[in-house]
Amino acid sequence: MAHIQASVYTSHVPAIGAALDLGKTGEAYWQPLFAGYEFSKKWIQENPPDVIFLVYNDHATAFSLDFIPTFAIGTAAEFVPADEGWGPRPVPMVKGHPELAAHIAQSVIQQDFDLTIVNKMDVDHGLTVPLSLMYGQPQAWPAPVIPFAVNVVQYPVPSGLRCLNLGKAIRKAVESFDQDLKVQIWGTGGMSHQLQGPRAGLINKEFDNAFLDRLVSDPEGLARVPHIDYVREAGSEGIELVMWLIARGAMGDLAGGPAPRLKHRFYHVPASNTAVGHMILEEG
Ligand SMILES: O=C(O)c1ccc(O)c(O)c1
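Our subject in this report is the structure included herewith. As the structure is a computational prediction, the values presented were derived from the model and not from experiment.

## Here's the deal with the pairing of strand S3 (residues 71–74)
Of the two faces of S3, both are covered, the one formed by Phe71 and Ile73 as well as the one formed by Ala72 and Gly74. With 3 bridges connecting them, S3 and strand S7 (residues 145–150) associate as antiparallel partners. Each bridged residue has a counterpart across the sheet, and for isoleucine 73 the counterpart in S7 is phenylalanine 148.

## Focus on the nonpolar core
In this structure, Phe53, Phe148 and Ile246 are the most contacted members of the largest nonpolar core, which totals 54 residues. Sort the elements by how many residues they give to this core and helix H6 (residues 160–175) lands first, with 7 residues. The next biggest cluster of nonpolar side chains, apart from the first, holds 26 residues, and it includes Ile44, Ala76, Val94 and Ile280.

## Quick notes on the sheet that holds strand S9 (residues 261–271)
The 8 strands lie next to each other as S6-S3-S7-S2-S8-S1-S10-S9, forming an open sheet whose pairing is mixed. Looking along the sheet, the strands with just one partner apiece sit at the ends: strand S6 (116–118) and S9. Averaged over all adjacent pairs, the angle separating strand axes in this sheet is 20°, with direction ignored. On top of the sheet, helix H4 (residues 98–110) reaches strand S2 (51–56), S3, S6, S7 and strand S8 (182–188); it is set at about 150° to S3, its chief contact.

## A few points about the site of the ligand
The ligand sits among Val13, Pro14, His59, His125, His193, Leu195, Ala271, Ser272, Asn273 and Thr274. Taking histidine 59, its side chain carries an N or O atom lying 3.0 Å from an oxygen atom of the ligand. A distance of 3.0 Å separates an oxygen atom of the ligand from a polar side-chain atom of histidine 125. Starting from 290 Å² of accessible surface for the ligand in isolation, the protein chains cover 87%. Counted by class, the shell around the ligand contains 4 nonpolar, 6 polar and no charged residues.

## Section: the packing of aromatic side chains
All chains considered together, the criterion is met by 11 aromatic pairs. Considering the side-chain rings of phenylalanine 211 and tyrosine 230, the 6.3 Å spacing of their centres and the 65° angle between planes classify their relative orientation as edge-to-face. Linking phenylalanine 211 in helix H7 (residues 205–217) with tyrosine 230 in helix H9 (residues 227–234), this pair joins segments that are 19 residues apart in sequence. The residues phenylalanine 211 and tyrosine 230 share a single accessibility class, namely buried. An aromatic cluster of three or more residues is present, and its members are Tyr9, Phe207, Phe211, Tyr230 and Trp244.

Rules used throughout
- Residues numbered from 1 in each chain as written.
- Predicted model: local features only at pLDDT ≥ 70, side-chain atom pairs only at ≥ 80, totals over all residues.
- Heavy atoms only, no water.
- Buried < 20%, exposed > 50% of the residue type's maximum accessible area, 1.4 Å probe, protein only.
- Helix = DSSP H or I, 4+ residues; strand = E, 2+ residues; numbered from the N terminus.
- Pairing = 2+ DSSP bridges.
- Core = buried A, V, L, I, M, F, W, Y, C linked by side-chain atoms within 4.5 Å.
- Axes fitted to C-alpha atoms, helices over the stretch in contact; angles between N-to-C directions.
- Contact = heavy atoms within 4.5 Å.
- Near = heavy atom within 4 Å.
- Polar contact = N/O pair within 3.5 Å; in protein donor to acceptor, adjacent residues only side chain to side chain.
- Areas by Shrake-Rupley, 256 points an atom, 1.4 Å probe, with all protein chains shown as cover.
- Nonpolar A, V, L, I, M, F, W, Y, C, P; charged D, E, K, R; others polar.
- Phe/Tyr/Trp six-rings, centres within 6.5 Å; stacked < 30°, edge-to-face > 60°.

So, in structure tokens, the structure goes:
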């Protein structure tokens, strides 16, 4: 049977992708940021997943105000890196896992979460930047990826509690898949940032670090934080953090198993307009 091996959490700032693609990782501005992922790049070589279930948000690339799916699962065999205005990032094509994706869609929809099934979509920085941070610049991504897009752009957005419970349903779906696969679930986006209006540039280190603390020790309590608190405390784009609760909800302690092992935690300000948070939790 398939099983959840670990969860990985990271911000997905587009300028990080540009820094990598343009060979700027050694520059003084970027060096401390990339240093925080050195552990993770080694860790993933030592703990390779068979499949990555990657929770992210689309930034009006595949979707627009014409279609606003709350939760969308990518069931295609491959996903093309999107052109977000400067040409597609020079990163490999993303291979999917249609069989596991279709199984998760079936199982999770039958557990009463209405997913939109997407058989064709391009993937933007929300998905490719986390892959770059964890794998660097390989010729091909080492694992297939199931893209899972969450609407955190256009209100109404899903609650933290719904996201946590969805993660629990995804765990059940993975565990009922009849192939021996190690699955990592990644939650991306955040941390505090606001890209527009008078509060543009907002960073809240206290909020971010309390979120990281509670994500490990009190996910059920954290899931009850209302939207308005994210927006007020972490900025309009800080709401992306609810996506981390999907990954956290899939960890075994919330299904009666042992507490996860914290393998790595990193926090850095700033990357462009954003506070970068990163964490790795292994199954206990
Ligand atoms: O900090 C930034 O510049 C920035 C821009 C776009 C995003 O989607 C984001 O998450 C961060």
